[in-house]
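# Structural features, examined
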Amino acid sequence: MKKMNFFVSFALLILVLSSDVFNQTITEVILPQYIQGVNGTNNNRTLFVFRARLDGLIPNTTYRFINQIVISADGATTSGAGNCIFINPDSTLLRTTNPSLSNPGAYGSFLTDATGSFTGWFISEPTSNARFTPGNYVFMRIRINDGAGGTTAVNWTTIQDSVKVINYGNADDPTQGSGIFGNSYSEPKDFIFLYDNVDGTARPIAGSIVEADGLSLKPVTSFVPFYRNLVDTVDGAWGTIIPNQLPNGVRRIERRVFGTGDIFSVVNTSADGIWPSGANTVNPLGGLTPIEITITDGPTPVELTSFSAKVVDGKVQLIWTTATETNNLGFEIQRKENEKFVNIGFVEGKINSTSIQNYSFVDNSAVSGKYSYRIKQVDLDGSFSYSNISEVNLNVPVEFSLSQNYPNPFNPSTTISYQIAKHGLVNLTVYNILGKEVAMLVNEVQSPGKYDVKFDGKNLSSGIYFYKLTTDNFNSTKKFTLMK
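### Observations concerning the overall build of the protein chain
When helices and strands are tallied, the protein chain shows two helices and 32 strands. Relative to the compact-globule value of 23 Å for 484 residues, the protein chain shows a C-alpha radius of gyration of 30 Å, a clear excess of over 25%. Its C-alpha atoms give the protein chain principal-axis dimensions of about 95 × 75 × 35 Å. Across the 484 residues of the protein chain, 51% fall into the buried class. For the protein chain, restricting intrachain contacts to residue pairs at least 6 apart in sequence, the fraction spanning at least 24 positions comes to 66%. In the form shown here, the protein chain has an accessible surface area of approximately 21,700 Å², with 51% of it arising from carbon and sulfur atoms. With 37 positive and 41 negative side-chain charges, the protein chain shows a separation of 6 Å between the mean positions of the two kinds.

### Let's talk about the sheet that holds strand S28 (residues 424–432)
Spatially, S29-S28-S31-S32 is the arrangement adopted by the four strands of the open sheet, whose pairing is antiparallel. Of all strands in the sheet, those with a lone pairing partner are strand S29 (437–446) and strand S32 (475–482), marking the two edges. Pairwise comparison of adjacent strand axes, ignoring direction, gives a mean angle of 15 degrees for this sheet. Of the strand pairs in this sheet, S28 and S29 are connected by eight bridges, and their pairing is antiparallel. The residue bridging Leu428 from the neighbouring strand is Val442, located in S29.

### Quick notes on empty space enclosed by the protein
Applying the stated criterion across every chain yields a total of two cavities of 30 Å³ or more. Space inside the largest cavity adds up to approximately 40 Å³. Forming the walls of the largest cavity are Pro32, Tyr34, Ile35, Gln36, Thr46, Leu47, Phe48, Ala206, Gly207, Thr240 and Ile241. Every element with two or more residues in the lining of the largest cavity is listed here: strand S2 (34–36), strand S14 (206–209) and strand S15 (238–243). Computed from the structure, the second largest cavity encloses a volume of approximately 40 Å³. Lining the second largest cavity we find Phe400, Ile420, Lys422, His423, Gly424, Leu425, Val426, Thr471, Asp472 and Asn473. A total of three residues in the lining of the second largest cavity trace back to one element, the largest contributor, which is S28. Across the lining of the second largest cavity, the residue classes break down as four nonpolar, four polar and two charged.

### A look at the sheet that holds strand S27 (residues 413–420)
The sheet built from three strands is open, its strands ordered S26-S27-S30 with antiparallel pairing. Each edge of the open sheet is held by one strand with a lone partner, namely strand S26 (401–402) and strand S30 (449–456).

### Some thoughts on unusual backbone geometry
Omega for the peptide link from Asn408 to Pro409 comes to 0 degrees, which places this bond in the cis form. With respect to the secondary-structure elements, Pro409 resides in the loop between S26 and S27. Cis geometry is adopted by the peptide bond preceding Pro412, which originates at Asn411 and carries an omega value of -10 degrees.

### Considering the environment of Asn44
Structurally, the position occupied by Asn44 is in the loop between S2 and strand S3 (48–55). Between the C-alpha atoms of Asn44 and Thr221, which are 177 residues apart in sequence, the distance is 8.6 Å. Setting aside residues up to four positions removed in sequence, Asn44 forms contacts with Gln36, Tyr168, Ser222, Phe223, Val224, Pro225 and Leu288.

### Considering the side chain of Arg45
Residue placement: Arg45 occurs in the loop between S2 and S3. Residue Arg45 is classed as buried on the basis of its relative accessible area, which comes to 12%. A polar side-chain atom of Arg45 sits 3.1 Å from the main-chain carbonyl oxygen of Asn42. Aside from chain neighbours lying at most four places away, what touches Arg45 is Gln36, Asn83, Arg95, Glu125, Pro126, Thr127, Ser128, Ser222, Phe223 and Val224.

### Concerning the packing of aromatic side chains
Under the criterion given, the structure shown has 24 aromatic pairs. Judged by centre distance (6.3 Å) and plane angle (35 degrees), the ring pair of Tyr371 and Tyr373 falls under tilted. With a relative accessible area of 13%, Tyr371 lands in the buried category. For Tyr373, a relative accessible area of 0% gives the class buried. One aromatic cluster is present, formed by Phe48, Phe50, Tyr63, Phe65, Phe86, Phe110, Phe118 and Phe122 through successive ring pairs. Over the face of the ring belonging to Trp121 we find Arg51, whose NZ or CZ atom lies 4.7 Å from the ring centre. The ring of Tyr386 has Arg374 lying over it, and the distance from NZ or CZ to the ring centre is 3.8 Å.

### Thoughts on the pattern of salt bridges
Evaluated as defined, the whole model comprises 12 salt bridges. Between Arg255 and Asp190 there is a salt bridge, with its nearest N and O atoms 2.8 Å apart. Here Asp190 lies in the loop between strand S12 (176–182) and strand S13 (191–195) and Arg255 lies in strand S16 (residues 252–256), a separation of 65 residues in the sequence. Relative accessible area serves as the criterion here: at 4%, Asp190 is assigned to the buried category.

### As for a nonpolar patch on the surface
A grouping of Leu329, Phe346, Ile351 and Leu380 is seen on the molecular surface, where their side chains present a nonpolar patch of about 330 Å² in accessible area. With respect to the element layout, Ile351 can be found in strand S21 (residues 340–353). Take Ile351: its relative accessible area is 32%, and that puts it in the partly exposed class.

### Thoughts on the pairing of strand S6 (residues 93–96)
Examined bridge by bridge, strand S5 (residues 83–87) and S6 share four bridges and lie antiparallel to one another. Directly across from Cys84, in S6, lies its bridge partner Thr96. Between S5 and S6, which pair antiparallel one after the other, the connecting turn spans five residues, and Ser91 there sits at a positive phi close to 75 degrees.

Rules used throughout
Residues numbered from 1 in each chain as written. Predicted model: local features only at pLDDT ≥ 70, side-chain atom pairs only at ≥ 80, totals over all residues. Heavy atoms only, no water. Helix = DSSP H or I, 4+ residues; strand = E, 2+ residues; numbered from the N terminus. Rg over C-alpha atoms; globule rule 2.2 N^0.38 Å. Buried < 20%, exposed > 50% of the residue type's maximum accessible area, 1.4 Å probe, protein only. Contact = heavy atoms within 4.5 Å. Areas by Shrake-Rupley, 256 points an atom, 1.4 Å probe, with all protein chains shown as cover. Lys, Arg positive; Asp, Glu negative; His and termini not counted. Charge placed at Lys NZ, Arg CZ, Asp CG, Glu CD. Pairing = 2+ DSSP bridges. Axes fitted to C-alpha atoms, helices over the stretch in contact; angles between N-to-C directions. 1 Å grid on protein atoms, 1.4 Å probe; cavity = no way out; pocket = protein on both sides within 12 Å on 5 of 7 lines; lining within 4 Å. Points joined across faces, edges and corners; volume = space filled by probe spheres on them. Nonpolar A, V, L, I, M, F, W, Y, C, P; charged D, E, K, R; others polar. Polar contact = N/O pair within 3.5 Å; in protein donor to acceptor, adjacent residues only side chain to side chain. Phe/Tyr/Trp six-rings, centres within 6.5 Å; stacked < 30°, edge-to-face > 60°. Lys NZ or Arg CZ within 6 Å of the ring centre and 35° of its normal. Salt bridge = Lys/Arg side-chain N within 4 Å of Asp/Glu carboxyl O. Patch = residues over 30% accessible without salt bridge, like charges linked within 9 Å, V, L, I, M, F, W, Y side chains within 5 Å.

Below you can see the structure in the form of structure tokens.
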């Protein structure tokens, strides 16, 4: 009986472990709409990059994986086609033309987190397989081992959204596309994604890794020539394919950070798909003659390295830093109101700079609540780009208060600060030492929040004065001194 119980327990353990492995799911994070391909000899190969999250794995475990490409007719455990370029845990890149879970150098690996999840970048290389026939719709599939050094696949997961195959050509044809490449200030191994709208909604049209990524493709003659000659091993360069039928053109170029996948702080946009350099991405028809997005087009001649919003002394302070600036007129400060961004200020730029520049702006009109900000960087020629959006929560005061003015004594102006905890009529009045009103600074209904009011005493004589704050629920008086 004990022996039978042992085998039952062992079988249950195997079932539990198997359920951990076979509960794996995959979710797309960033998946471009188009991939290059051709059925037959493919000497114009163009890398396809995407980001995905794997869940349902064993926590804190290293898995081997292979990412390949299938069509809807393939079975659930069909491996698929395409070569792989793996991003190793040490951030190096490895290309293989014969992927295998049993041969070192022929598979990728990743480490799950404490919840049994992994999110990362995946790179596929289309080959001459029939799955890559232009007009086909293909699917990204990842197969993994057991997480214990196994050399065979135990699970196959497939992203649900399809990707359309196109190949280079000069015709107005839904199965043909054109090359596009650019230079940027992006860090090597970051990623560039192209959208046909300025907001970056829905899926990107195409994507590319940023060179130099440490993997030279120049000797691989099966890759598209413009990538080998103009992009590969060139710092900040990127290149990919876009469809010829693209009525909106490329209207957004965004950079994604290698380590986190986050959108970089500056995104370049074009309202009509025609970029400042003259690059026209609307229905391109260029085929193997690529469109060039210059370094002054995007991503951005002004390299914004950080942008954030925070609350300091009851006010929203925006802080940002640039690493380089070219023809930078300045920064328009925008705050979201009623679902639209409006201009609330402007900070001049340094025009041209190759050193780090620090900027800040205080939003004195923010009262309380949750606010969203972005900055619009404007060039001398009127072209512009937007930063990422930064949100901040300005908490509602829980009590009324009136602060001592600063500076005090003052000549001739000073600032009076107070906070309101309840919506209502607010009155702030200045009196002389005899109790006579000399200035009414505020007399209006205000919402809960913190306020600063500037008082100018240039028309008053030196002496002691009083300022009084009155609301339905609170009143307070403080003394201050004008000293000329």
